[in-house]
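Take a look at the letters that make up each chain.
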Amino acid sequence: MELWDPNRRRRLASFTEHVVKPLPQGFFALRVAFNADGTRLASLARLNNPKQPTGGSVVVREVRSRKVLFKQVVSGDLSNGLAFSADGTVVAYGTGEGTRVATLGGGKAVFLPTGMPAALSLADDQRSLAVTRTDGTVAVWDIETGRRRFELNTEGAQVARFGSTSDVLATASEEHGIRFWRLTGRSARQFADLPVQTAFPWMISAPVGDRIAIADEEGMISIWDYRRREQIARHADRYRSETMALDLAPDASTVVSGGLGRTIVVRRTTLPFSGHGGAVNDVDVSPDGRLVASAGDDRSVRIWNASGAAERLLGGHSDHVKAVAFNPDATVLAAVTRDHTLTLWNPSTGRRYTTIAFTGIGTGTDVAFSPDGSTVTVMSLGGTFRWRVSDPAHPRPLPAPPGPRTSTAMAYPARGGLLVASTPAGGIAVWSTADDRLVKAFPATQGSTQDIAATPAGDLIATAGSDHTVRLWSTRTGKSRGTLTGHTAAVGTLAFSRDGHLLASAGEDHTIVVWDVRTHRRIATLTGHSADVQGLAFTPDGTLLSAGADQRIIHWPLTATEAIRRICRATAPMPTAAQLDRQLPGQDTGALCPQS
């Protein structure tokens with residue numbers, strides 16, 4: 001067993017009280033538990049052989065002095081169940097006959113005829129013990145009387161955990177998912193549950209306030225607000241830890257996981273832009289940079305502040321949300337779903353103004369407001385649809401422009417009174433918004449045109465192609481201004497910076513490329529997504545946001561200073577001054593990567 005400082009990534013101590021000689025093959029330390037203030041540590045080790053009874057030992061020690069306060073060697077069958085009281089005076093462990101509860105300092109030992117437990121959890125009042133049996137049932141026992149208080153209606157339960165109060169118990173099972181029980185003097189009543197997921201839950205943390213952490217069979221860790229039934233963070237742990245153990249800090253700020261991958265992963269639960277439970281299909285930043293909106297396959301739109309903290313969840317959509325857009329003063333947010341609905345929201349209050357169904361085939365693909373905010377336009381495989389939204393609660397339909405009936409991408413340049421849209425043959429059409437007159441049409445020669453973006457000045461447009469290229473065009477003449485190459489798969493999304501100097505492109509190669517618009521030079525290649533990148537947006541200060549099918553929104557500050565800070569935070573051990581100077585010549589790394 002090892003004790004670590006997670007902030008400094010430093011091993012503080014190794015404990016060998018469980019070691020026996022000769023050490024049998026397959027002998028593992030399987031459970032650890034701190035008391036509430038971290039001054040005492042309990043642990044359990046045994047021969048991990050499911051085919052026959054195996055012995056082991058249970059140890060309680062003082063963390064600072066390393067003094068062993070309690071040690072019990074079990075020669076018969078010792079289960080994986082271990083529970084430790086908040087004050088560090090009571091330890092419970094499972095055997096083949098039942099559960100034994102020991103009080104440190106010579107107190108009374110208690111035996112409960114529970115049968116062999118698979119998991120144990122001790123309430124803060126040190127009176128109630130939740131026992132998850134190997135047959136998937138859960139019972140709550142009274143330690144003082146030695147009697148069973150409640151038998152919960154669970155099937156296939158793998159674990160039960162008491163919360164930060166003694167009257168709340170969480171259970172996890174393959175059959176019913178995650179459920180929450182209120183324990184009173186005479187009854188155990190289910191009062192909450194989480195939506196049942198397709199992946200079975202393997203492990204849960206103890207509930208902390210209204211938060212709980214869950215590890216599932218597909219290698220995902222999710223953090224939930226269980227009272228609101230809302231997922232607030234999601235992390236991929238497969239190939240790093242393959243989680244078999246999980247814990248949430250008492251203030252719910254940190255989740256720690258470990259398992260088959262021989263790695264302990266420490267995560268802050270307040271990671272920016274974390275919460276979508278499915279692919280993130282689009283992202284948009286309000287014109288003032290104050291709010292960020294994201295659209296997801298989990299049928300939600302999420303509103304974030306500029307730092308990535310969740311502001312509100314806009315739910316109740318009928319299908320995957322494919323695209324979002326703010327109006328110019330950020331008082332209205334438009335969201336389009338796969339099944340052809342447009343919903344208008346107040347992003348600051350969460351009020352739903354209205355939802356409109358429109359006729360289409362395939363999926364709704366894009367939405368945008370005109371520069372003056374008076375009109376919202378939706379592109380779909382079934383056609384182009386427009387509404388006058390001077391009163392967002394009562395949109396007025398407008399005639400569709402006489403352009404192509406099938407279009408998947410569009411952009412409103414901020415100036416010039418134009419609408420730029422793709423055509424079915426992969427071309428580009430430029431329309432006058434004043435009279436719906438076709439101003440210019442030209443072929444993009446990129447295969448399928450996947451996305452269109454326009455500079456704020458409106459003089460230049462960019463198109464993303466299925467042929468792995470990005471092309472730049474003069475809005476006025478339709479003449480090519482250059483071709484940008486470097487992607488290895490279809491390019492699906494584009495965004496210009498607010499000053500028009502940078503262009504970001506991304507798509508099916510999971511990579512983002514940032515280009516200098518004037519020189520056509522690649523200035524950054526950003527790798528971090530593990531699936532298609534489906535949305536890009538710049539903030540007013542030049543920071544880039546990306547949204548992906550891997551359920552992630554990533555925040556990319558495009559400055560050397562921030563890059564150095566991130567490298568130093570993520571590197572262990574800390575690079576030496578000489579190493580930093582070699583790798584980052586000419587950069588003042590001393591203040592950004594302080595040496596300990």
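Residues numbered from 1 in each chain as written. Predicted model: local features only at pLDDT ≥ 70, side-chain atom pairs only at ≥ 80, totals over all residues. Heavy atoms only, no water.

### With respect to the overall build of the chain
Next, step 1: Scanning the chain from terminus to terminus reveals 2 helices and 52 strands.
Next, step 2: Considered along the principal axes of its C-alpha atoms, the chain spans approximately 90 × 60 × 40 Å.
Next, step 3: Considering the chain as a whole, with its 596 residues, one finds that 52% of them fall into the buried category.
Next, step 4: Restricting to contacts in the chain with at least 6 residues of sequence separation, those with at least 24 account for 39%.
Next, step 5: Of the accessible surface of the chain, which amounts to about 27100 Å², a share of 49% is contributed by carbon and sulfur atoms. (Helix = DSSP H or I, 4+ residues; strand = E, 2+ residues; numbered from the N terminus. Buried < 20%, exposed > 50% of the residue type's maximum accessible area, 1.4 Å probe, protein only. Contact = heavy atoms within 4.5 Å. Areas by Shrake-Rupley, 256 points an atom, 1.4 Å probe, with all protein chains shown as cover.)

### Quick word on the sheet that holds strand S47 (residues 502-507)
Next, step 1: Read across the open sheet, the 4 strands follow the order S46-S47-S48-S49; overall the sheet is antiparallel. Among the strands making up the open sheet, the edge pair consists of strand S46 (491-496) and strand S49 (522-527). Adjacent strand axes in the sheet meet at a mean angle of 20° when their direction is disregarded.
Next, step 2: Two elements, S47 and strand S48 (residues 511-516), share 5 bridges in a ladder whose sense is antiparallel. Looking across to S48, one finds that Leu502 is bridged to Asp516. (Pairing = 2+ DSSP bridges. Axes fitted to C-alpha atoms, helices over the stretch in contact; angles between N-to-C directions.)

### Looking at the environment of Ala293
Next, step 1: Within the secondary structure layout, Ala293 lies in strand S27 (residues 291-296).
Next, step 2: In the structure, Ala293 is positioned 68 residues away from Ile361 in sequence and 26 Å away in space, judged by C-alpha atoms.
Next, step 3: Those residues in contact with Ala293, other than ones at most four positions away along the chain, are Asp282, Val283, Asp284, Arg302, Ile303, Val324, Phe326 and Leu333.

### What to know about the pattern of salt bridges
Next, step 1: This model, assessed by the stated rule, comprises 15 salt bridges.
Next, step 2: Arg133 serves as the salt-bridge partner of Asp135, at 4.0 Å between the closest nitrogen and oxygen.
Next, step 3: Take Asp135: its relative accessible area is 56%, and that puts it in the exposed class.
Next, step 4: For Arg133, a relative accessible area of 14% puts it in the buried group.
Next, step 5: Residues Asp435 and Arg437 are paired through a salt bridge, measuring 3.5 Å at the closest nitrogen-oxygen approach.
Next, step 6: Using a relative accessible area of 47% as the deciding quantity, one classes Asp435 as partly exposed. (Salt bridge = Lys/Arg side-chain N within 4 Å of Asp/Glu carboxyl O.)

### Regarding the sheet that holds strand S41 (residues 438-443)
Next, step 1: Ordered by their spatial adjacency, 4 strands build an open sheet running S38-S39-S40-S41, and the pairing between neighbours is antiparallel. The open sheet has two free edges, formed respectively by strand S38 (410-411) and S41, since each of these has just one partner strand.
Next, step 2: Two elements, S38 and strand S39 (residues 418-422), share 2 bridges in a ladder whose sense is antiparallel. By the bridge assignment, Ala411 is partnered in S39 with Val420.

### Brief notes about unusual backbone geometry
Next, step 1: One non-glycine residue with positive phi stands out, namely Gln126, at about 60°.
Next, step 2: Along the polypeptide, Gln126 turns up in the loop between strand S11 (117-122) and strand S12 (128-133).
Next, step 3: Even without glycine at this site, His520 takes up a positive phi of about 65°.
Next, step 4: Assignment of secondary structure puts His520 in the loop between S48 and S49.
Next, step 5: Look at His520 and you get partly exposed, because its relative accessible area is 28%.

### As for the pairing of strand S40 (residues 427-432)
Next, step 1: Counting buried positions over the 6 residues of S40 gives 6, a clear majority of the element.
Next, step 2: By the alternation rule, side chains of S40 split into Gly427, Ala429 and Trp431 and Ile428, Val430 and Ser432, which are all buried.
Next, step 3: Of the strand pairs in this sheet, S39 and S40 are connected by 5 bridges, and their pairing is antiparallel. Residue Ala421 lies in a different strand from S40, and its bridge partner there is Ala429.
Next, step 4: Across 5 bridges, S40 lies against S41 in antiparallel orientation. From the neighbouring strand, Ile428 faces S41, where its bridge partner is Phe442.
Next, step 5: Between S40 and S41, which pair antiparallel one after the other, the connecting turn spans 5 residues, and Asp436 there sits at a positive phi close to 55°.

### Observations concerning the nonpolar core
Next, step 1: Membership of the largest hydrophobic core comes to 26 residues, with the highest contact counts inside it found for Ile178, Phe180, Leu194, Ile204 and Ile212.
Next, step 2: Ranked by residue count, the leading element in this core is strand S20 (residues 211-216), at 4 residues.
Next, step 3: Leaving out residues up to four positions away in the same chain, Ile204 has contacts with Val159, Arg161, Ala170, Thr171, Ala172, Ile178, Ile212, Ala213, Ile214 and Leu246.
Next, step 4: If you look at the next biggest cluster of nonpolar residues, it comprises 18 residues, including Leu342, Ile356, Phe358 and Val378. (Core = buried A, V, L, I, M, F, W, Y, C linked by side-chain atoms within 4.5 Å.)

### Comments concerning the side chain of Ser474
Next, step 1: Topologically, Ser474 is positioned in strand S44 (residues 470-474).
Next, step 2: Given a relative accessible area of 5%, Ser474 falls into the buried group.
Next, step 3: For Ser474, the side chain forms a polar contact with the side chain of Thr477, separated by 3.1 Å.
Next, step 4: Apart from the residues within four sequence positions on either side, Ser474 is in contact with Asp459, Leu460, Lys479 and Arg481. (Polar contact = N/O pair within 3.5 Å; in protein donor to acceptor, adjacent residues only side chain to side chain.)

### Some words on the environment of Thr354
Next, step 1: Looking at the element boundaries, Thr354 is found in strand S33 (residues 352-357).
Next, step 2: Residues Thr354 and His394, spaced 40 residues apart in sequence, show a C-alpha to C-alpha distance of 7.3 Å.
Next, step 3: When neighbours within four sequence positions are excluded, Thr354 is seen to be in contact with Leu342, Thr343, Leu344, Pro392, Ala393 and Pro395.

### As for the side chain of Arg61
Next, step 1: Of note, Arg61 is situated in strand S5 (residues 56-62).
Next, step 2: Residue class for Arg61 comes out buried when judged on its relative accessible area of 0%.
Next, step 3: A distance of 3.1 Å separates a polar atom in the side chain of Arg61 from a polar atom in the side chain of Glu17.
Next, step 4: Not counting residues within four places of it along the chain, the set of residues in contact with Arg61 comprises Met1, Phe15, Glu17, His18, Thr39, Arg40, Leu41, Ser43, Lys67, Val68 and Leu69.

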